[in-house]
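Listed below, chain by chain, are the residues.
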Amino acid sequence: MSADRLRQITDAVRESGSRSVLELAELTGASEMTIRRDLEALAEQGVLERYRGGARSLLLRGEEPPFALRAQDGLEVKRRIAAEAAALIADGESVVVDSGTTCLEVAHALHHRRLTVMPLSLHAANALADAPRLTLLLPGGQPRRGELSLTGPLTEASLAALRFDTAIIGCCGLTTAAGLTAYDLADAAVKRAAIASSRRVIAVAEPAKLSRTALAHVIPASRLHAVVTGEDAPDAETGALTAAGVTVRKA
């Protein structure tokens, strides 16, 4: 509930530019003391700036909230999605796992499997470092601050040199009309490189992302073989994806 409240506060402050403690308390149903603690925590993460009686957003509309905030947001749903995606992978496969919080949960779900895995973030690499039966491959590249996703020519070259059975790809937005999209241009380039080197592409996305479009286009939705999302995903969008030839699984 704390993670959900932090996300609610972040979205409310970003949408309006600023909000008072009283407004946020009424919005979330939490006490003003709790809201003040939440605002201090969000200020430490660089999400917003505190002022007496309220806070103003430091995130632009097209920017993604920090990894640390997203990591605990909807965690149970992400774990169900991860388990469903992991069930689609057979032992012995070679798999590239994208960056992002949902893909990090996929890495956790693959920890005890007999696979060859290349994670595209240091968070996921750390989660798999002591996996007992897994062959871990690490790409080169430059870690993005906070995200610790690996980007740049070295990452793209590492992906181009290999051929994977499956790519597990995260996203910031996914619709049939706009395709799979990301906030960051360098991240989008790495996603495209991973997809180009893979026989099968599985997108993992929280239900809310199936109604969003971010700045950088990655691929059309029809290029996906499967989408794994939550049970609350909008029926209109999942139906459109199915009509486009994409297998949709709701966890």
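For the structure, see preceding data.
On a predicted model such as this, the values are computed, not experimentally measured, just so you know.

Undergrad: Give a detailed account of the pattern of salt bridges, specifying residues and quantitative values.
TA: The tally for this structure, following the rule as stated, stands at 15 salt bridges. One salt bridge in this structure joins D38 and R5, with 2.5 Å as the shortest N-O distance. Placement of D38 in helix 3 (residues 32-44) and of R5 in helix 1 (residues 2-16) is noted, with a sequence separation of 33 residues between them. Given a relative accessible area of 7%, D38 falls into the buried group. One salt bridge in this structure joins E105 and R79, with 3.5 Å as the shortest N-O distance. Note that E105 is positioned in helix 6 (residues 101-109) and R79 in helix 5 (residues 75-87), a separation of 26 residues in sequence. Ionic contacts of the salt-bridge type, sharing partners, join the residues R7, D11 and R14 into one network.

Undergrad: An account of helix 9 (residues 185-196) is needed here, citing residue identities and associated values.
TA: The end-to-end C-alpha distance of helix 9 is 17 Å, a good match for the 16 Å that twelve residues give at a rise of 1.5 Å each. Restricting attention to buried positions, one finds in helix 9 the residues D187, A188, A189, V190, K191, A193, A194 and I195. Taking the backbone nitrogen of A186 as reference, a side-chain oxygen 3.1 Å away marks D184 as the first, capping residue of helix 9.

Undergrad: Tell me about the side chain of S94, and name the residues and values.
TA: As for its position among the elements, S94 is in strand 4 (residues 94-97). Those residues in contact with S94 that lie beyond four places of it in its chain are T116, R163, F164, D165 and T166.

Undergrad: Explain the sheet that holds strand 14 (residues 226-229) to me, and be specific about the residues and the numbers.
TA: Read across the sheet, seven strands follow the order 6-5-4-9-12-14-15 without closing on themselves; strand pairing throughout is parallel. The open sheet has two edge strands with one neighbour each: strand 6 (135-136) and strand 15 (247-250). Across four bridges, strand 4 lies against strand 5 (residues 116-119) in parallel orientation. By the bridge assignment, V95 is partnered in strand 5 with V117.

Undergrad: Tell me what's going on with unusual backbone geometry, and back it up with residues and numbers.
TA: Backbone geometry places L148, a non-glycine residue, at a positive phi of 60°. Mapped onto the fold, L148 is located in the loop between strand 7 (142-143) and strand 8 (150-151).

Undergrad: Got a sec to walk through helix 1? Specific residues and values, please.
TA: One full turn of an α-helix is made of 3.6 residues, so residues set three or four places apart face in the same direction. Between its first and last C-alpha atoms helix 1 spans 21 Å; for 15 residues at 1.5 Å apiece the expected length is 21 Å, and the two agree. For helix 1, the set of buried residues is A3, R5, L6, R7, I9, T10, A12, V13 and R14. Residues of helix 1 that are buried sit in contact with strand 1 (18-20), helix 2 (21-28), helix 3, strand 3 (54-57) and helix 4 (67-71). Positive backbone phi, approximately 95°, marks G17, located one or two places after helix 1.

Undergrad: With reference to specific residues and values, describe the nonpolar core.
TA: Burial of nonpolar side chains together is a common tendency in soluble globular proteins. Among the nonpolar cores identified, the biggest contains 31 residues, and L159, L174, L180 and L224 are the most heavily contacted of them. Of all the elements, helix 9 adds the most residues to this core, at five residues. If we skip the residues at most four places from it in the chain, L159 touches V96, M118, L120, F164, V190, A193, A194 and S197. Of all hydrophobic cores here, the second largest spans 28 residues; its members include I81, L88, V97 and A251.

Undergrad: Quick rundown of the pairing of strand 15? Include the residues and the values.
TA: Bridging between strand 14 and strand 15 involves four bridges; their strand directions are parallel. For A226, the partnering residue across the bridge sits in strand 15 and is T247. Read as a crossover between parallel neighbours, the route from strand 14 over helix 10 (residues 235-243) to strand 15 is right-handed.

The rules behind these values
- Residues numbered from 1 in each chain as written.
- Predicted model: local features only at pLDDT ≥ 70, side-chain atom pairs only at ≥ 80, totals over all residues.
- Heavy atoms only, no water.
- Salt bridge = Lys/Arg side-chain N within 4 Å of Asp/Glu carboxyl O.
- Helix = DSSP H or I, 4+ residues; strand = E, 2+ residues; numbered from the N terminus.
- Buried < 20%, exposed > 50% of the residue type's maximum accessible area, 1.4 Å probe, protein only.
- Expected span 1.5 Å × (residues − 1).
- Polar contact = N/O pair within 3.5 Å; in protein donor to acceptor, adjacent residues only side chain to side chain.
- Contact = heavy atoms within 4.5 Å.
- Pairing = 2+ DSSP bridges.
- Core = buried A, V, L, I, M, F, W, Y, C linked by side-chain atoms within 4.5 Å.
- Right-handed = clockwise from strand over helix to strand, strands pointing away.

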